[in-house]
Amino acid sequence: MKQVFFIAVLLFCLLDTSSAQPTPPELQRKIAGKKNLALIMKEVEGFYKNEEVEKEKEGRKNGLKNKGPEGANEEAFESGLLHWKRWEYFNKTRLQPNGDLEDISAKTYAAWQKVVAKYGDETKPAGTNSLTSGSNAVWNFIGPFNLQFQGGLYRGLCRVDKIVFHPTNANIIYAGTNNGGLWRTLDGGSTWASMNFYFPIQSASGIAVNPSNPDNIFVLTGDGNGGGAIGQNSAGIWVTNDGGGNWFKTSFNSNPQSKIFNGYKLVMMPTLNYILFAATGNGLYRSTNSGSTWTLVISGQGLTDGTSPVYDVEFDPAQPGRVYASDFNRFYVSENYGASFPLSESTSLPGKTRIEIGVSPANPNYVYLLCGAFGAVGTNTFGGIYRSTSGGISGSFNLRASTPNILCWATNGTRYPNDNDQSSYDLAIDVSKSNAEVVVSGGKNIWRSTTGGTALQNLTVFNEDSGIAKFIHPDVHEIAYNPLNGWLYAGTDGGIYRSTNDGVNWTNITNGIHTTTFYHMAAAPFDVNRVLGGAQDNGVKYKSNSGDFTHITGADGFDCAFGPSTASSIYSTVNSSVAKFDINGASQNTVSTPANCAFFPTIAADPVTNNTVYLAGGPNSRLDNNGNVQPLCGVQKSTNGGSTWTQVLPQYIQQSICTCPNNSNRVYAAGTASIFRTDNGGTTWSGNLAANAGFINNGQITDVNVCSGNSDIVYATLGGYTAGQKVMYSTNAGASWFSISGTLPAEVKVNCVVADQNNNAYIGTDMGVYYQAATSSDWTPYYNELPRVPITDLAINQGASRIRASTYGHGIWETSLFTTCDVNLTLPSTIAGNKFYQASNFISASGNTTIVGGNTTVVNARAGGEVYMGPDFTVYEGNVFNATLGACGSSPVPGPVSIRASDIPPVFLSQADRGNDSTLYQYGFITIDPPVGEIATVHLNAVKTGEFLIIVSDKSGSEDLLRISETLAAGAVISKTLALASFAKGKYYVQLYFNGKLAHVQELLVK
């Protein structure tokens, strides 16, 4: 029985740089020994550029275009370069200061330890979290819950890598997901629940369940099954003794070994439960004392990328002391319970890329090997199925079949010109437990033999139009028979599938595994129910009402954007293309993609004007296949909904692009080392704002965003692992900056930022969400009930007072905005650093509350009625504690914590209309043309019939500098000019009132 499965790792492999499609030897040689990301990607991109030339030549020779199955472009089918670009995307803001790859899993584990020590332990089941934040808000999962299908190819929820079964109950099944942790069903797949929700490293490549005590489970972290390009470093082996309630790190980890490695499999000997084997990228390890100590028993054959992988390990079903193992081209046998694997007893199969093993108790003498194969560019083939009928002894294997090519896309086994195998990414085999002649294999699709590995027949399709009973999401990572009932299960890039008739028909049982891996998300400001997200492997998901998300297109969905109303469209980037949909999620064919866009461009929609969209597409100018220089994509603008595009900034900008809710002419765009700003819709741009005074430019900028009420207030987040280099802040549109990183631990990596209309800020990190009030200088944990996976994007719906977070492995979540004032509050027992606490009535510092930390600690407590300091309250020398009485937000907080309160948005913004289900501005809205000389033109757009009033004032709103009154019918548009000569230099707010109600505000900058 293949008792293996995979818990998702949230971290990418760093030093194993092979691709998920087998890395050809030529590329392995080029990147061998390199640790600098830029140097590695230079070799990778050069190699794949040449490969595309060869594919194009082969396609012309065979009269075929460079297309994959069903005529779709190969880009949607996980080309080798796509896997590398995923790997680059994740790593490029998680580097060492010199640009070398970092041990991300070690940093994340260290961050978890520091966060627990600083804020409290939350590794408890949902609902019993001991950690609380200032507003006690709890995050709730909003989807995707199930596999709702609307359109597009390859619907799925998540990548399921490994499957394991309970030793005595056929209805208890464990599923290991990529980035989403370990899940368990107690009812055969009808419902699922997470087993390690707060596990600090949401990952594993193997699991061992103790057959004598199923609550005793061991987990090997680190995704080797993904191949180096999306593989993930091991963070050791963890164990639970109570079925997942509590997890503990064992002595096994990557540090004692000679180099960082990833994991492939973890198994426990069925008859001797204290013996375990861990197959890793650094060889095979064995423990004879339940994981207390480990010994390397197979060192593996070194590859040119520096790894020595052992992929699989199995047990002879009849002889307890016989253990099998495999690497990329050798099969090993041990006759002494795995203590040694003599090379003289092994079988060599030269030229293979990876070997997986299949055995069955129906005939223990049968041992099957499923092999991938290397080859020249464009000639990768199926390495064959081999079988031994004498227990796998040396030299006993015979080739059973090498055709048709069961590792290619085509269901008839005939390769397309650009169709290479992915055997280091998706390769799986199992044998029926009741009939050893029935062999089932997985690659891109699933195939079966009923004649002991010969006469291979295709079982599955990846296009749902071909028949839902045969559909599974492509890329099969696991094939496993349940020995208790003989049912067959498959784990794929889209979820988990079950067959009760040896693979003839399939049922998707993924619903309830909430582990979709999102790169980005967007939330409609005009309708709280509408949310859009781009997911790895599983396309674009859209929530258009109070129900679940639907799947609207396939491939790697990435960034997303909403137009300003239901009259406009929604957008997403997919791989390196732009996809456009109507407001109901139906695809439109009127969109184009600018030339030379890189993988994973970012996109932003104008906040007021329909059909105006900005795209940050990179890359640098490059040579095409004919040697001609192609201009870089840079920042592009479309004013017709993506039908045509115009380059507005010729810079390598791709990381983030941000439009401003109250200034539709202003856009910020960021690369990893640069930020640019336009104040006139892209006509002209600033210089690099990240080169201005105060900015700590570590070359790993992750996001740029603005306060929704003031476009001069700008935030930029920084990746990497250096204390004090987390969040940058500007109150003058990027002219100067200062750090508001506070006391965030160095190992907490920051991914994104968002600020509400009152300039309260939220950041998404690899350790959850943090909050900083406009009147504070430090960050408060805001992640109650959130899983321990990276937060990839944040979005605020101001009208509904909600914040959403997309995660890299646990779907999308939401909670209320931070409640700035509790009624009563009890201070923690120990306080250090700059802190601010406020309550409308009562604050208690009783008991053993102690202020520590030295001269870096300034604690401010303000209550409306009483601040009580009990007899045991202690402030040590060098620390500061200020207690004041006053209403919440009544005055700036004294001391250094007031640094961000100098330029908060005007109070009247909170009165502005925040939309309903039809449009963000349900009464009317204004747009302002960039000033020409001393004249600015204001356009008033009436949505409803009524009395409109335009007022221009400064941010205090106390002095009206201009008033214009109009009675307009719905749909009317009028234009008014403003003479700026009478205005002093500075920022003004143009306000639109409808029947006395503030409907819309736009900024006007007078220079």
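From a predicted model like this one, the values you see are computed outputs, not experimental measurements.

## A short note on the overall build of the chain
So, step 1. Counting its secondary structure elements, the chain contains four helices and 71 strands.
So, step 2. Put simply, of all contacts in the chain between residues at least 6 apart along the chain, 57% involve residues at least 24 apart.
So, step 3. Carbon and sulfur atoms make up 49% of the accessible area of the chain, which totals about 32300 Å².

## Topic: the pattern of salt bridges
So, step 1. What the rule picks out here adds up to 24 salt bridges.
So, step 2. Residue Asp537 is joined to Arg86 by a salt bridge in which the shortest nitrogen-to-oxygen separation is 2.8 Å. One end of the pair, Asp537, is in the loop between β31 (531-535) and β32 (539-543); the other, Arg86, is in helix α3 (residues 80-91), and 451 residues separate them in sequence. Just as Asp537 is buried, Arg86 falls in that class too.

## Regarding the confidence of the model for the chain
So, step 1. Mean pLDDT over the chain stands at 84; residues scoring 70 or higher make up 85%.
So, step 2. When the criterion is pLDDT under 50, residues 1-22 qualifies, and its contacts beyond four places in sequence or with other chains add up to 171 contacts.
So, step 3. The low-confidence segment residues 121-134 (pLDDT under 50) makes 36 contacts with residues lying over four places distant or belonging to another chain.

## Some words on the pairing of strand β16 (residues 330-334)
So, step 1. Of all the five residues making up β16, five are buried; the element is thus mostly covered by neighbouring parts of the structure.
So, step 2. Residues Arg330, Tyr332 and Ser334 point to one face of β16 and Phe331 and Val333 to the other, with burial holding for every one of them.
So, step 3. Bridge count between strand β15 (residues 323-326) and β16: four bridges; the pairing is antiparallel. When the bridges of β16 are listed, Ser326 appears paired with Phe331.
So, step 4. Count of turn residues in the β15/β16 antiparallel hairpin: three residues.

## Overview of the environment of Ser844
So, step 1. Take Ser844: it is sitting in strand β59 (residues 835-845).
So, step 2. When the C-alpha atoms of Ser844 and Gly870 are compared, they prove to be 7.7 Å apart, with 26 residues separating the residues in sequence.

## Focus on unusual backbone geometry
So, step 1. The residue after Gly143, namely Pro144, is reached through a cis peptide bond having omega 0°.
So, step 2. One can find Pro144 in the loop between β1 (140-143) and β2 (160-165).
So, step 3. For the bond running from Thr403 to Pro404, omega is -5°, close enough to zero to count as cis.
So, step 4. Here Pro404 lies in the loop between β21 (397-401) and β22 (428-431).
So, step 5. Even without glycine at this site, Asp475 takes up a positive phi of about 80°.
So, step 6. The backbone phi angle of Asn995 is positive, close to 50°, even though this residue is not glycine.
So, step 7. As for its placement among the helices and strands, Asn995 is situated in the loop between β70 (986-994) and β71 (997-1006).

## A word on the sheet that holds strand β44 (residues 663-670)
So, step 1. In space, the three strands of this open sheet follow the order β43-β44-β45, with antiparallel pairing throughout. The sheet is open, and its two edges are formed by β43 (656-660) and β45 (675-678), each paired on a single side. Taken pair by pair, the neighbouring strands of this sheet meet at an average axis angle of 15°, ignoring direction.
So, step 2. Here β43 runs beside β44; their pairing, made up of five bridges, is antiparallel. Counterpart to Thr659 in the pairing with β44 is Val667.

## Focus on the nonpolar core
So, step 1. Ranked by internal contacts, the top residues of the largest apolar core, which has 55 residues, are Tyr715, Tyr762, Val769, Tyr770 and Leu794.
So, step 2. In terms of residue count, strand β50 (residues 750-755) provides more of this core than any other element does, five residues in total.
So, step 3. Ranked by size, the runner-up nonpolar core spans 23 residues in total, among them Phe948, Ile950, Phe994 and Ala999.

## Digging into the side chain of Arg159
So, step 1. Summarising the element assignment, Arg159 is placed in the loop between β1 and β2.
So, step 2. Its relative accessible area of 3% is what places Arg159 among the buried residues.
So, step 3. A distance of 2.8 Å separates the side chain of Arg159 from the side chain of Asp161, its partner in a polar contact.

## A few points about the environment of Asn665
So, step 1. Among the secondary structure elements, Asn665 is positioned in strand β44.
So, step 2. Along the sequence, Asn665 and Glu1003 sit 338 residues apart, while their C-alpha atoms lie 9.2 Å from each other.
So, step 3. In this structure Asn665 touches Thr678, Asp679, Asn680, Gly681, Ile928, Asp929 and Pro930, once residues within four positions along its chain are discounted.

## Remarks on the packing of aromatic side chains
So, step 1. Enumeration over the complete set of coordinates arrives at 42 aromatic pairs.
So, step 2. Between the aromatic rings of Trp112 and Trp238, the centroid separation amounts to 6.3 Å while the plane-to-plane angle is 75°, which identifies the pairing as edge-to-face. Taken together, the residues span a long stretch of sequence, with Trp112 in helix α4 (residues 104-119) and Trp238 in strand β8 (residues 237-240) at a distance of 126 residues. In terms of burial, Trp112 and Trp238 fall into one category: buried.
So, step 3. Here the aromatic rings of Phe908 and Tyr989 are separated by 5.8 Å at their centres, their planes lie at 85°, and the arrangement is edge-to-face. Within this pair, whereas Phe908 is found in the loop between β64 (880-885) and β65 (924-928), its partner Tyr989 is found in strand β70, the two being separated by 81 residues in sequence.
So, step 4. Members of the aromatic cluster, connected to one another through ring pairs, are Tyr89, Phe90, Tyr519, Phe558, Phe599, Phe600 and Tyr808.
So, step 5. Lying over the aromatic face of Tyr366, Arg387 brings its terminal NZ or CZ to 4.2 Å of the ring centre.
So, step 6. Above the ring of Tyr783, the side-chain terminus of Arg788 is found at 4.4 Å from the ring centroid.

## Notes on the sheet that holds strand β33 (residues 550-553)
So, step 1. In space, the four strands of this open sheet follow the order β30-β31-β32-β33, with antiparallel pairing throughout. If you trace the sheet from one side to the other, it starts and ends with β30 (518-523) and β33, each paired once. Taken over all neighbouring pairs, the strand axes of this sheet differ in orientation by 25° on average, direction set aside.
So, step 2. Note that β32 and β33 share three bridges and pair antiparallel. Within β33, the residue paired with Tyr542 across the bridge is Thr550.

## Regarding the pairing of strand β38 (residues 613-616)
Where a strand is regular, its side chains alternate between the two sheet faces.
So, step 1. Residues Val613 and Leu615 line one face of β38 and the alternating positions Tyr614 and Ala616 line the opposite face, and both faces are buried.
So, step 2. One ladder, built from four bridges, connects β38 with strand β41 (residues 635-638); its direction is antiparallel. Pairing of Tyr614 across the sheet is with Lys637, part of β41.

## A short note on α3
So, step 1. Spanning twelve residues, α3 covers 17 Å between terminal C-alpha atoms, matching the ideal 16 Å at 1.5 Å per step.
So, step 2. Of all the twelve residues making up α3, eleven are buried; the element is thus mostly covered by neighbouring parts of the structure.

## Quick look at the side chain of Arg448
So, step 1. Secondary-structure assignment places Arg448 in strand β24 (residues 446-449).
So, step 2. No salt bridge is formed by the buried Arg448; its nearest oppositely charged neighbour, Asp502, is found at 4.9 Å.
So, step 3. A polar side-chain atom of Arg448 sits 3.0 Å from the main-chain carbonyl oxygen of Asp502.
So, step 4. Setting aside its immediate chain neighbours within four residues, Arg448 contacts Val438, Val439, Val440, Ala455, Leu456, Gln457, Leu459, Asn501, Asp502 and Val504.

## Some thoughts on the environment of Gly886
So, step 1. Looking at the element boundaries, Gly886 is found in the loop between β64 and β65.
So, step 2. What makes Gly886 buried here is its relative accessible area of 16%.
So, step 3. Along the chain, Gly886 and Ala839 lie 47 residues apart, while their C-alpha atoms are 9.2 Å from each other.

What counts, and where the lines are drawn
- Residues numbered from 1 in each chain as written.
- Predicted model: local features only at pLDDT ≥ 70, side-chain atom pairs only at ≥ 80, totals over all residues.
- Heavy atoms only, no water.
- Helix = DSSP H or I, 4+ residues; strand = E, 2+ residues; numbered from the N terminus.
- Contact = heavy atoms within 4.5 Å.
- Areas by Shrake-Rupley, 256 points an atom, 1.4 Å probe, with all protein chains shown as cover.
- Salt bridge = Lys/Arg side-chain N within 4 Å of Asp/Glu carboxyl O.
- Buried < 20%, exposed > 50% of the residue type's maximum accessible area, 1.4 Å probe, protein only.
- pLDDT = per-residue confidence, 0-100.
- Pairing = 2+ DSSP bridges.
- Axes fitted to C-alpha atoms, helices over the stretch in contact; angles between N-to-C directions.
- Core = buried A, V, L, I, M, F, W, Y, C linked by side-chain atoms within 4.5 Å.
- Polar contact = N/O pair within 3.5 Å; in protein donor to acceptor, adjacent residues only side chain to side chain.
- Phe/Tyr/Trp six-rings, centres within 6.5 Å; stacked < 30°, edge-to-face > 60°.
- Lys NZ or Arg CZ within 6 Å of the ring centre and 35° of its normal.
- Expected span 1.5 Å × (residues − 1).
- Lys, Arg positive; Asp, Glu negative; His and termini not counted.

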